[in-house]
Structure formats: C-alpha cells, structure tokens
Amino acid sequence: MFRNTAWGKRLIRLSQAFGKDGFEVVRIIRYNGKLGITAQIPAVCNYDTGEPKKAYYVEGSPYEMGYLMGNMAEKEISRMMDYTDKVAFSFIGSKVLEKMKLIQGALIKIAYDLSKKTWNQLPAAITDEIRGIYDGCKSRNPGTRVNMERLIVLNTGIDIICSMVYTGKFFKRIFDKIDPEDFDIPMMCNAFTVSGKSAGGGCYFGRDFTFPSAGVFQDTAAMIIYCPDDPETGKNAGTDTGTDIKTGTNIKTDADGDNIRKLTEKALSGRRSIPFINIAAPGMVGSIAAMNLNGTAFGVNMSPAANCDPGKIGINSLLMTRLCVQYGRNAEDAAQLMEELPRGVSWLYIIADGSGRSCIAETGASWPEPDFVQYADEEYRNLLPDIEFIKSHASAPYKNGVMFRWNDYIYPLEYLEWNYQLWDHYNQKNRTQKKIRQDAFEQAGYISLPGEQNCPSTFYFAPQRENSDEILVASNHCIIPEMRYFAMHRWTQRVIGKKVNDIQWRYDELNRQIHDTLAEKGSIDLDDAKRLISFLAPYGKYKNYHADNPRSGDGKEIRIEGCVSVFDLKNRAVESHYGYYCDKWVRITLPGYFK
C-alpha cells in the first residue's frame, strides 16, 4: 500500500539494497516521518549466539536518528551499558588484587565524574543523538537499563581513561601507590592504505581496530548506515545550557566546556552532512571505522603520549572519526576539519579517499607548538636533537596539536643518526644488550623480531618504512620525529613498557608483507587487502598471536577483540570481520542505499 508513496519507494530501494548485500529486512519503524530499518544476514551468524549478524539504517536529524536506533536496538544498547566498566578493567596490568580493585575503582569513578564535564564540551550533533538513543530505548522498553549517564560514559569514557593513563594525571596526585607499570594498555591496532598501480587502479584501506570486547562487543557490533538530514549543523548549534546526565534538568556549562563546544560548533558550521556507513555497536555514536558516500574513510589507532589534557577532552577517537566522515568531503577536507576540532587526547587517525590521497594524522591535545624536547625524560634530553635542529629539519607543519604524515611525506633521515647514541645510553643505563639490527632502518627491515626486545623503550626515532606515495602503514606509534618526543615522557614510556617492541614489529611486519605481496604479484586486490590486514589472525602466519583471546562458550573458537575492516574506496564498499574468527565477513555496498 506504500508502493506509490515517496516513503514506500524509498523503502523498496533500501530493501533491495540490503538484499543485494545478503541481508533480509526484519523490522521497519517510522518516527516523525523518518525511517529506521533493522536487517539481518542469514548466511553470517555469530558463532556463540547462533544469531544472524545485523545491520541498521537510520535517517533524519541527530535526535531522530538516535531515537530510531534506540527503538530498534534497545536490547543491544542495554548490553552495552556495562561495556565501559568492563573495558576499564582491561587497562589494569597489576597482579596484586588489592591494587587492581583500587585502580579499577579509580578509573571508573574519574571517568564518570569527568564525563559530566565532557558532555558540556560536545556539539549538538552528538548530544542530540545521544538523547534520542535514550528516548528511543525508553519508548521501546519503559523499564530499560539504558540511562543517560552510562550512554555518555560509553561515548566519552575511553578518551577520559586514556588521557589519565597516558599522563599519570590524577593518579600521581591522588594515589601514591599506583605506578605506570600497573597499567596494561590494550593497544594492538594496525592499518594501511594502498592505491594507484600498487592497488591495480583501486584504492583500499585496511583497518584492524583491536580492542577489548569486554564480553559484549563481539555480540553487538554491527554496520549502521546513516542518512542525515541536509540542513547545516550550525542551525542547531549555540545553546547555552547542557543536560544533567542524571536528572535530565538543564545546568549551566562551565567556562572551558562552553568554549570547547563553541570551537566545535564553529568548525562544523557551514558543513553539510554526507551519508555514511559506520562500524560500531548500537549505543555508540562514534565510529571504530567509517566511510561516507564520497568514498572518504577514517579510522583510529591508540597512541600513548604525554600530550593529553584530561580536563579538556573535547572531540577524539570514535567521535572524531564519526564527525570527520560525516562532514569531510575528501581526505584533505576531513583532515582540515580534524585540525580545527578541539582535542585533548593522543591518537593516530588514518584518513583516505578514492582519489588515492591518504594520511596518518599524529595527534594530541590542541596546544600551541611546544618545545618538544621538554617532554622527554630528563636523562635523555641532552642525547636528543634540540629545538634548533628540530626547526631546521621540519618535515611537516605542526597545526593545533596535530601533524599529518601524508602519502607523499618525506622522512628527515638525519634523525636516524641520533639512534645510535640513544641505544648506547639505554644499554649502559639499564645494563642491557639491545642491538641495532643490520636492516633496522631499511625499507623492509625490522628493529625487533617476535620474541626479541631490541627497542630502547621509546627513546628512539622510528623509521618510516614506506617509500612509495601509494602506500601508508600504521600501528600504534608516531613516525614524525617531533611527535616521538611525547612518547619519551618519563611516565608514558613506562606505561608503554615492553609493548614498544610489539608496536614496532607489527608496523615492520605489515609493511614487509605488503612489500612482499607487491614483489610477487605486482599489485594488491581486495582479497589481498583482507589477507594483509588479517595478518595476525589464527588462520594466518602468526597463528598464536591471539591465542590468549577469550573464547566462545564451548571453548572451540577464538573471539575477535574489536573489528577488522577493508574499505574499497573506489566502489564505496566495506567488508568487516567481527565476532569470532570462524565467522564470515559482512559486506555493505554503500551507493545502493542512495539515489
């Protein structure tokens, strides 16, 4: 009966698009004339639950899209309410029970306390959607476990936790018994981009966001298609009050929060929303990875560093990825937006578009350009290039706390000469025998092989391996020399600990496998891209890398911690792998859902 209406025609088109991707529409709802769709793919089930994996479609204003999602996925969002508390436990490395309880309690308490302040720093495009999710859940289930306080912590808590753990702020002041080594940061992210002849004329973006599922995310992860309304974001901006996350009453914003929010609204003002595909879980407004209808994609990797500001969190990680994809016309435009948005936490962002343009954004708090050397441990400062050397060897501009390593970036090789004295000093100071391998700074070389501990903590300049404008690779460390100083901070380098060797090895190994694939085949196709970004999977070369991951209920299958995705930027399609390694990949071809 709706076939001849605009709404009915849209529904038919969307149902057909889902069908071509293997999905069946199982629920349709309307709210304020806007459409929400839940679909499931019978051929791809979660090993543990046996349930088909889901995808969602939402449209409208931020509030309407949130409401539709809340109404359709109240069950999944309810499960996500415990996610942040459980994830906080994943940051604890101490083996002492009493200290573990102390740290977990501190992380959760500070995350909840600071989330109230952070809420007032977020733009209406985010806060309205979160309110909509809450109201949508209540409409579906008046007794829902979903509440505003937990929704806000779900969407901002990870940035608050990272800012505290990376810098030691709050902990050093409040808890004398907490040491950097008491943390165990779950950082195992990898990414690459390949384009041009190296991609056979295509453009691929591989993205492995490895992060604790906390016993929840593996069952709730989904692809979410957003079709935002056209009106400019600025039309909904500029309110002078925030919402109390416990009572729903209006409260006055603090001066810092008000200023950060205004800076965010200014950056978004005049920009128009672009439809996009979001890899996340219901309840999460941000994106683990995302791509818009223009073929611009974005991802984020953890990057521990001291350039964080826990009191002024702003826009980071999943929310940054979401906003830059929704409003970025291409890679350079998305990078420009990210530069303008106020940030308070160090992360790496991978940006790419179908033209072959891509970059790794090495970021931290939105601060003026500092004296980088002052962030390094005092014992190493006289062994590092000074500010005059830094200025005379600048390879990229420092812009509001971010430096971009574009696909045509040229690494200043003079920095590598400083590594020899850094290695020597570390060995003398710590009575170690860490060696610089013969190929350590070559194009396809290694600093540490599996089982080796050759990195002198973070006190060295990591070489850039890629020497082609068609390839970029990232793990969890900065390459641009200036940004390396922030990881040499006394507290931060102890937090990173021995994981520095794994971070360096993953970057070197992924680069080497890309290099070898090109040498063997001449170019990389979609299947190659999926294999390369899954190089640590149990069915690959390194079968035991994830051997300690949680397993399925019957103990037979290994859980994917996070999500692995490959974006085909030319065809604007994405394939993602989440749940368990035995589960099949899920694909969405974005253009089919829009005229």
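The coordinates are above.
All of the points below concern the structure found in this document. (Residues numbered from 1 in each chain as written. Predicted model: local features only at pLDDT ≥ 70, side-chain atom pairs only at ≥ 80, totals over all residues. Heavy atoms only, no water.)

Topic: the packing of aromatic side chains
So the rule is basically this: Pairing of aromatic rings covers Phe, Tyr and Trp, the last through its six-membered ring, and needs centres within 6.5 Å; plane angles under 30 degrees mean stacked, over 60 mean edge-to-face, and all others mean tilted. Exposure categories follow from relative accessible area, calculated using a 1.4 Å probe and restricted to protein chains: below 20% of the type maximum is buried, above 50% is exposed, and the middle band is partly exposed.
Counted according to the given criterion, the structure contains 30 aromatic pairs. Plain terms: the ring middles of Phe18 and Phe23 are 5.9 Å apart, the flat faces sit at 65° to each other, and that makes the pair edge-to-face. By relative accessible area, Phe18 is classed as buried at 0%. Taking the relative accessible area as the measure of exposure, Phe23 reaches 4% and is therefore buried. The interplanar angle of 75° and the centroid separation of 5.7 Å between the aromatic rings of Phe372 and Tyr398 together place this pair among those described as edge-to-face.

Focus: the sheet that holds strand 17 (residues 573–577)
Rules: If DSSP finds at least two bridges between two strands, the strands pair. Counting from the N terminus, the helices are DSSP H or I runs at least four residues long and the strands are E runs at least two residues long. Interaxial angles span 0 to 180 degrees and are taken between N-to-C directions of axes, which are lines fitted to C-alpha atoms, for helices over the stretch in contact.
Ordered in space as 15-4-5-16-17-18, the 6 strands form an open sheet in which the pairing is antiparallel. Looking along the sheet, the strands with just one partner apiece sit at the ends: strand 15 (471–474) and strand 18 (586–589). Geometrically, the sheet is characterised by an average inter-axis angle of 10° between neighbouring strands, direction not taken into account. When strand 5 (residues 203–210) meets strand 16 (residues 562–568), the two strands line up antiparallel, connected through 7 bridges.

Structural notes on the pattern of salt bridges
Cut-off, in case you're wondering: The salt bridge definition used is simple: a Lys or Arg side-chain nitrogen within 4 Å of an Asp or Glu carboxyl oxygen.
Applying the stated criterion across every chain yields a total of 33 salt bridges. The closest approach of N and O atoms between Arg329 and Asp333, which form a salt bridge, is 3.4 Å. Judged by relative accessible area, Asp333 falls into the buried class, the value being 9%. In this structure, Arg506 and Asp502 form a salt bridge, with 2.8 Å as the shortest nitrogen-oxygen distance. Residue Arg506 and its partner Asp502 are both found in helix 17 (residues 499–521); the two are separated by 4 residues, about one turn of the helix. Residue class for Asp502 comes out partly exposed when judged on its relative accessible area of 22%. Through salt bridges that share partners, Asp82, Arg145 and Arg150 make up one connected network.

Brief notes about the packing of helix 6 (residues 124–140) against helix 7 (residues 148–167)
Filter applied, for reference: Orientation categories follow fixed angle ranges, with anything under 35 degrees roughly parallel, anything over 145 roughly antiparallel, 65 to 115 roughly perpendicular, and all other angles oblique. Take the far helix as your reference; a near helix turned counterclockwise from it by less than a right angle gives a left-handed crossing, and one turned clockwise gives a right-handed crossing. We call two residues contacting when some pair of their heavy atoms lies within 4.5 Å.
Across the interface, helix 6 lies against helix 7 with an axial gap of 10 Å and an inter-helix angle of 135°. One element, helix 6, and the other, helix 7, form an angle in the oblique class. When you trace helix 6 past helix 7, the crossing you get is right-handed. Contact residues: helix 6 offers Ile130, Arg131, Ile133 and Tyr134, while helix 7 offers Met148, Leu151, Ile152 and Asn155.

Quick word on helix 11 (residues 317–327)
Think of an α-helix as 3.6 residues a turn; residues three or four steps apart then line up on the same face. For helix 11, the tally of buried residues reaches 11 of 11 residues, placing the bulk of the element in the interior. Every buried residue belonging to helix 11 is among Ser317, Leu318, Leu319, Met320, Thr321, Arg322, Leu323, Cys324, Val325, Gln326 and Tyr327, and all of these are buried.

What about the packing of helix 11 against helix 12 (residues 331–340)?
Basically, it comes down to this: Residue type decides the class: Asp, Glu, Lys and Arg count as charged, Ala, Val, Leu, Ile, Met, Phe, Trp, Tyr, Cys and Pro as nonpolar, and the leftover types, Gly among them, as polar.
Remark: helix 11 packs on helix 12, axes separated minimally by 9 Å, with the N-to-C direction vectors making an angle of 135°. If you check the angle between helix 11 and helix 12, you find them oblique. Relative to helix 12, helix 11 is oriented so that their crossing is right-handed. Facing Met320, Leu323, Cys324 and Tyr327 of helix 11, the residues of helix 12 in contact are Asp333, Ala334, Leu337 and Met338. The class makeup of the residues in the contact of helix 11 with helix 12 is 7 nonpolar, no polar and 1 charged.

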